[in-house]
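Here is how the chains run, residue by residue.
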Amino acid sequence: MRKTTLILPILVVAMVGLFSALFIVDEREKALVLQFGQIKKVVEEPGLGWKIPLIQEVVRYDARILSLDTNPIEVTPSDDRRLVVDAFTRYRIADPVEFRRAVGIGGIDAAEDRLSSILNAQIREVLGSDQVTSNTILSPQRRDLALRIRAQARTSAEGLGLEIVDVRLKQTNLPEQNLESTFARMRAEREREAADEVARGNEAAQRVRAAADRTVVETVSNAERDAEITRGEADAERNRIYAQAFGNNPEFFAFYRSLTALERSMNEENSTIVFSPNSGFLSQMFDSVRAEGLGEVEMDDLDVDTLREMAPQGEISPDLPEMERERLEEDGLEPPSEDEDGAEEPEDSDDSN
């Protein structure tokens, strides 16, 4: 009974010691076996491991790629336009021994603090270097700048046992105090561009209007020219017809012109005109009825009978109607005399021949 009582505690202690000597390393981890703070063993392969219970301890580190978002920092490029840059990085623990020596018992938190300082320093150095302006940072060339930051940060991170996989500039903004002035400048530029577009539109509209006005003037001028040509040709044709018609009888043409002038001289308010017998205005009208050889006489010595004797013998036109012929014959006018050339042959002349 006493042996059983002694063996059972020994077995329990042995089992506890055995289990405490065993440790498991996951495939996502790397482990260090420490003895009184000194590194005795590095376990990078997954599986079971052994340690001395109560003397040695196991420290595990994540072997996966980790992410770190840096705090926004303010940088000043070469064009003196301050920018607020927010970056992030991807890293992993490449050397657990060096990592342990660099950060000690601080672990991941201490390593990320130091890594943030390294990244911020490299971001300020690269983005503040010569020939790097705010436009360069905001352009597609920011990828090249991120590669430069990663390359320079890797060298510093190797002392921490870390490997920087990637660095990206997440956001690049203006400081709050500069936003309003920047927005005002952007509004002014947009307004200037809008004014330029309006000016170009007005210029194009003026060109179109000028072309339309010129076309109207040319069309009207051509139409007026054609109308004047047609009118001139019509006037020429009219004058030709008048000249041909009046040229056959100049005396009638002169008489017609006198009648036309007289008609134009009279109006409704003034229907009486007094002319001298020697007026050239009436010469064409009275030449055909004026007695041959009639000269100037004193009006005081003339009476009605004398004027009748001086007047040429009137003849009755055969073309007058019968009633007018009879009335004129009653007034003393004789029918037209027939001369030898104009005499009508008697009806029986043919019979006598």
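Anyway, here's the lowdown on the structure attached to this text. (Residues numbered from 1 in each chain as written. Predicted model: local features only at pLDDT ≥ 70, side-chain atom pairs only at ≥ 80, totals over all residues. Heavy atoms only, no water.)

### Considering the pairing of strand 8 (residues 83-93)
Line of reasoning, step 1. With 8 of its 11 residues buried, strand 8 lies for the most part within the structure.
Line of reasoning, step 2. Bridge count for strand 6 (residues 66-69) against strand 8 is 4 bridges, and the pairing is antiparallel. What sits directly across from Ser67, in strand 8, is Arg90.
Line of reasoning, step 3. Across 3 bridges, strand 7 (residues 73-75) lies against strand 8 in antiparallel orientation. Its bridge partner being in strand 8, Glu74 is matched across the sheet by Val84. (Buried < 20%, exposed > 50% of the residue type's maximum accessible area, 1.4 Å probe, protein only. Helix = DSSP H or I, 4+ residues; strand = E, 2+ residues; numbered from the N terminus. Pairing = 2+ DSSP bridges.)

### Some thoughts on the sheet that holds strand 2 (residues 29-35)
Line of reasoning, step 1. If you trace the 3 strands from one edge of the open sheet to the other, you get 3-2-5, paired in antiparallel fashion. Strand pairing shows two members of the sheet lacking a second neighbour, strand 3 (38-43) and strand 5 (56-62), which therefore form its edges. Each adjacent strand pair in this sheet contributes to an overall mean axis angle of 30 degrees, direction not counted.
Line of reasoning, step 2. Helix 2 (residues 96-103) contacts strand 2, strand 3 and strand 5 of the sheet and is inclined by roughly 60 degrees relative to strand 2. (Axes fitted to C-alpha atoms, helices over the stretch in contact; angles between N-to-C directions. Contact = heavy atoms within 4.5 Å.)

### Points about the packing of helix 3 (residues 107-127) against helix 5 (residues 142-157)
Line of reasoning, step 1. In the contact formed by helix 3 and helix 5, the axes pass within 9 Å of each other and the chain directions differ by 135 degrees. One way to sum up the angle between helix 3 and helix 5 is to call them oblique. Of the two elements, helix 3 crosses helix 5, and the hand of that crossing is right-handed. Contacts between helix 3 and helix 5 involve Leu115, Ile118, Leu119, Gln122, Ile123, Glu125, Val126 and Leu127 from the former and Leu145, Arg148, Ile149, Gln152, Ala153, Ser156 and Ala157 from the latter.
Line of reasoning, step 2. Looking at side-chain class alone, the contact of helix 3 with helix 5 contains 10 nonpolar, 3 polar and 2 charged residues. (Parallel < 35°, antiparallel > 145°, perpendicular 65-115°, else oblique. Left-handed = near helix turned anticlockwise from the far one by under 90°. Nonpolar A, V, L, I, M, F, W, Y, C, P; charged D, E, K, R; others polar.)

Structural measurements only, silent on function.
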